[in-house]
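Breakdown of the fold
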Amino acid sequence: MLGKIGYGEKLSIENEFFAKARDGFDEKLQEAFLQMANKDIDSAEITLKLSIALFDRTVTDEDGTKRLARVPAAHFKVTRAMKVSDSADGFCEAGGPVEILRRGDEFALREFTEQDDQYSMLEE
């Protein structure tokens, strides 16, 4: 579940929204150190690439008001490179009803109570 700060949680790589991307990075990190130790390799490189998008979606607020919300999605790819290259990729999408909000120069995720199906970037 997304935590709340004010009216939304400040958007950060530490948000639950990006958990799959962090897990993919952590997996490649462990694999890199294991291979480096087993094969006497001195260095490796791990790259996390995120492609982000916003989608318009009609949502219903707690008071029953319908409105258009901006819903975030992100595709990620984690690559490990050394003498042997290896990669994994996946897709981060809000698991519950969330929208992205702008607060000055910062962006935040905010939950709304609607239980409708989430619009998926994969459905386009």
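Looking at the nonpolar core
Counting residues in each nonpolar core, the largest one holds nine residues, listed as Phe17, Phe18, Ala21, Ala74, Phe76, Val78, Cys92, Ile100 and Leu109. No other element matches strand S3 (residues 66-81), which puts three residues into this core.

Overview of the packing of aromatic side chains
Enumeration over the complete set of coordinates arrives at one aromatic pair. When the centroid spacing of 4.9 Å and the interplanar angle of 85° are considered together, the rings of Phe17 and Phe18 count as edge-to-face.

Some details on the pattern of salt bridges
As enumerated under the stated definition, the model contains four salt bridges in all. Residue Glu31 is joined to Arg80 by a salt bridge in which the shortest nitrogen-to-oxygen separation is 3.7 Å. Of this pair, Glu31 sits in helix H1 (residues 19-39) while Arg80 sits in strand S3; the two residues are 49 residues apart in sequence, bridging distant segments of the chain. For Arg80, a relative accessible area of 5% corresponds to the buried category. Linking Arg70 and Asp56 is a salt bridge whose minimum nitrogen-to-oxygen distance equals 2.6 Å. Of this pair, Arg70 sits in strand S3 while Asp56 sits in strand S2 (residues 45-60); the two residues are 14 residues apart in sequence, bridging distant segments of the chain. When its relative accessible area of 35% is taken as the criterion, Arg70 is described as partly exposed. Using a relative accessible area of 45% as the deciding quantity, one classes Asp56 as partly exposed. One network of salt bridges, with partners in common, ties together Lys28, Glu31 and Arg80.

Overview of unusual backbone geometry
Positioned with a positive phi, Asp40 is a non-glycine residue whose angle comes to about 55°. Its place among the elements puts Asp40 in the loop between H1 and S2.

A short note on the confidence of the model for the protein
When pLDDT is averaged along the protein, the result is 80, and 81% of the positions lie at 70 or above. Counting contacts from residues 1-6, a segment whose pLDDT is below 50, to residues more than four positions away or on other chains yields 10 contacts. Across residues 115-124 the pLDDT falls below 50, and counting only partners more than four positions away or on other chains, this stretch makes 23 contacts in the model.

Focus on the sheet that holds S3
Reading across from one edge, S2-S3-S4 is the order of the three strands in this open sheet, with antiparallel pairing throughout. Both outer strands of the open sheet, S2 and strand S4 (86-93), are each paired with one neighbouring strand and no more. Going across the sheet, the axis of each strand differs from the next one's by a mean of 10°, ignoring polarity. As paired elements, S2 and S3 share 16 bridges and run antiparallel to each other. Paired with Leu50 across the two strands is Phe76, which belongs to S3.

Quick notes on the rules
- Residues numbered from 1 in each chain as written.
- Predicted model: local features only at pLDDT ≥ 70, side-chain atom pairs only at ≥ 80, totals over all residues.
- Heavy atoms only, no water.
- Core = buried A, V, L, I, M, F, W, Y, C linked by side-chain atoms within 4.5 Å.
- Buried < 20%, exposed > 50% of the residue type's maximum accessible area, 1.4 Å probe, protein only.
- Helix = DSSP H or I, 4+ residues; strand = E, 2+ residues; numbered from the N terminus.
- Phe/Tyr/Trp six-rings, centres within 6.5 Å; stacked < 30°, edge-to-face > 60°.
- Salt bridge = Lys/Arg side-chain N within 4 Å of Asp/Glu carboxyl O.
- pLDDT = per-residue confidence, 0-100.
- Contact = heavy atoms within 4.5 Å.
- Pairing = 2+ DSSP bridges.
- Axes fitted to C-alpha atoms, helices over the stretch in contact; angles between N-to-C directions.

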